[in-house]
Amino acid sequence: MKVVITDHRFPNVEQEQRAVEEAGGKLVVAQITDEDQLAELCKDADGILTVRAPITRRVIEAMQHCRIIVRYGIGIDSVDIPAATERGIMVANVPDYCIDEVSDQALTFLLMLSRQMVPAISLAREEHWSISKMPNLHRLRGQTCGLAGCGKIGSLLAGKAAALGMHILIYDPYLSESRGREMGAELASFDALLARSDFISLHMPLNDQTHHLFGEATFAKMKSSACIINTARGGLIDEAALLAALDSGRIFGAGLDVMESETSFTPTGRALVNHPKVIVTPHTAWLSDEARRTLQARAVEQVIACLKGETPYGLVNRSLVR
């Protein structure tokens, strides 16, 4: 049994090493994102663990006997799922390792934007504190927190925002009305979410339908006082359109933990990072010691479970299970 880690961002992979060796296998650890190198690396693997490496159709077609690909994380847009399914290769994620951390981060963005903490901190460093330099602030209680997508993380954020006295508005075609009532939330159309929300927090997967869902036309439908928060996937937002909306005053602010390009910023991306109306963190919403340990353990456990003939709990292409 050969298990390959294509790339990772952990201090070590000792958990994976122990788990694979105890199962009688061999672990190969790399830091590769090049497609040609990935195809060579993965061709004789039985199981694959991956983070950022693009597991494309070409890489998958080079695999001789792989049975499972597990992504360290929740999003699976880096894996060509149709290609894997065609080859009978299971694809799994780890859907629940950081839901507390990410919902906390989204709430932190919301609070910082509401209380305008960045300009307040800057003002505190000046010799004279003049509140006339502060943007207009509004009481949070009674404002509307809109959720674009409401899975595990969105549901937790809804409860935390509701505890602050906010009204919760949700756009999610897959959420039942009964579940919305349980959460004390109101379900709404996408346009209603845009028009009524004071804060919109994104909790959608990235796919062909959601790519750049938040663009020029979308921002034009939002309140000029509204802020957008993204702890999901950078590609949900058209960054050029976001920058234009902020510069023109079309929307008030943004909190971003994810960006379209996180390894080499475009001029637009760099402008957003340095923008006075934007708070950016370096894709660390998921990060805690507990989340990291859980992520590594649950990822490798799923590889071993599959290779033993069991169904991994985070299986995405469930059509493979008969």
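Residues numbered from 1 in each chain as written. Predicted model: local features only at pLDDT ≥ 70, side-chain atom pairs only at ≥ 80, totals over all residues. Heavy atoms only, no water.

Chemist: Please provide a residue-by-residue account of the overall build of the protein chain, values included.
Modeler: Within the protein chain, the regular secondary structure consists of 13 helices and twelve strands. Scaling as 2.2 N^0.38, a compact globule of 322 residues should have a C-alpha radius of gyration of about 20 Å, and the protein chain matches this with 21 Å. In terms of overall dimensions, the protein chain has a C-alpha envelope of 65 × 50 × 35 Å along the principal axes. Looking at the protein chain as a whole, 51% of its 322 residues are labelled buried. Contacts in the protein chain between residues at least 24 apart in sequence constitute 63% of all its contacts with a sequence separation of at least 6. For the protein chain, the accessible area works out to roughly 15,200 Å², and carbon and sulfur atoms hold 50% of it. Averaging the positions of the 33 positive and the 39 negative side-chain charges in the protein chain gives two centres separated by 4 Å. (Helix = DSSP H or I, 4+ residues; strand = E, 2+ residues; numbered from the N terminus. Rg over C-alpha atoms; globule rule 2.2 N^0.38 Å. Buried < 20%, exposed > 50% of the residue type's maximum accessible area, 1.4 Å probe, protein only. Contact = heavy atoms within 4.5 Å. Areas by Shrake-Rupley, 256 points an atom, 1.4 Å probe, with all protein chains shown as cover. Lys, Arg positive; Asp, Glu negative; His and termini not counted. Charge placed at Lys NZ, Arg CZ, Asp CG, Glu CD.)

Chemist: Explain the pattern of salt bridges residue by residue, including any values.
Modeler: Tallied over the full model, the rule gives 17 salt bridges. Of the charged contacts in the structure, one is a salt bridge between K2 and D44, with a shortest N-O distance of 2.8 Å. Highlighted residues: K2 in strand β1 (residues 2–5) and D44 in the loop between α2 (35–42) and β3 (47–50), separated in sequence by 42 residues. Residue D44 is classed as partly exposed on the basis of its relative accessible area of 29%. Residues participating in the shared-partner salt-bridge network are E35, D36 and R58. (Salt bridge = Lys/Arg side-chain N within 4 Å of Asp/Glu carboxyl O.)

Chemist: Can you explain the pairing of β3? Please cite residues and give values.
Modeler: Burial along β3 is two-sided: G47 and L49 and I48 and T50, pointing in opposite directions, are all buried. Sheet topology note: the β1/β3 ladder contains three bridges and is parallel. Pairing of V3 across the sheet is with G47, part of β3. Sheet analysis places β3 next to strand β4 (residues 68–71), joined by four bridges and oriented parallel. Paired with G47 across the strands is I68, a residue of β4. (Pairing = 2+ DSSP bridges.)

Chemist: Account for the sheet that holds β4, naming residues and giving values.
Modeler: Pairing between the strands of a sheet is mediated by backbone hydrogen bonds and can be parallel or antiparallel. Strands sit in the order β2-β1-β3-β4-β5 across an open sheet of five strands; the sheet is parallel. A single partner strand is all that each edge strand has here, and the edge strands are β2 (26–29) and β5 (90–92). With strand direction ignored, the average angle separating the axes of adjacent strands in the sheet is 15°. In this structure, β1 lies alongside β2, joined through four bridges in parallel fashion. Following the sheet pairing, V3 is matched in β2 by L27. The strands touched by helix α13 (residues 289–307) within the sheet are β1, β3, β4 and β5, with β4 carrying the most contacts at an inclination of about 170°. (Axes fitted to C-alpha atoms, helices over the stretch in contact; angles between N-to-C directions.)

Chemist: Got a sec to walk through the layout of surface pockets? Specific residues and values, please.
Modeler: By volume, the second largest pocket is sized at about 230 Å³. Residue lining of the second largest pocket: L113, S114, Q116, N136, L137, H138, Q143, D198, F199, S225, C227 and F252, and that is the complete set. Split by residue class, the lining of the second largest pocket holds five nonpolar, six polar and one charged. (1 Å grid on protein atoms, 1.4 Å probe; cavity = no way out; pocket = protein on both sides within 12 Å on 5 of 7 lines; lining within 4 Å. Points joined across faces, edges and corners; volume = space filled by probe spheres on them. Nonpolar A, V, L, I, M, F, W, Y, C, P; charged D, E, K, R; others polar.)

Chemist: Give me the packing of helix α1 (residues 14–22) against α13: which residues, what numbers.
Modeler: Look at α1 against α13: their axes get within 9 Å of each other, and the N-to-C directions meet at 25°. Considering the angle they form, α1 stands roughly parallel to α13. Here the hand of the crossing between α1 and α13 comes out right-handed. Contacts from Q15, E16, A19 and V20 in α1 reach R293, Q296, A297, V300 and I304 in α13. Split by residue class, the contact of α1 with α13 holds five nonpolar, two polar and two charged. (Parallel < 35°, antiparallel > 145°, perpendicular 65-115°, else oblique. Left-handed = near helix turned anticlockwise from the far one by under 90°.)

Chemist: A description of the packing of aromatic side chains should follow, citing residues and the corresponding values.
Modeler: The tally for this structure, following the rule as stated, stands at four aromatic pairs. Ring plane angle 55° and centroid distance 6.2 Å describe the contact between Y97 and W286, whose orientation is recorded as tilted. With a gap of 189 residues between them, Y97 in the loop between β5 and α5 (99–114) and W286 in the loop between β12 (278–280) and α13 connect regions that are remote in the sequence. Note on W286: relative accessible area 10%, which makes it buried. These aromatic residues form a ring-pair network of at least three members: Y171, F190 and F214. (Phe/Tyr/Trp six-rings, centres within 6.5 Å; stacked < 30°, edge-to-face > 60°.)

Chemist: I'd like a description of the environment of V4, backed by residues and values.
Modeler: Structurally, the position occupied by V4 is in strand β1. The exposure class of V4 is buried, given its relative accessible area of 0%. The spacing of V4 and G24 is 20 residues in sequence and 14 Å in space, taken between C-alpha atoms. Non-local contacts of V4, meaning those with residues more than four positions away in its chain, are made with V28, L41, A45, G47, I48 and L49.

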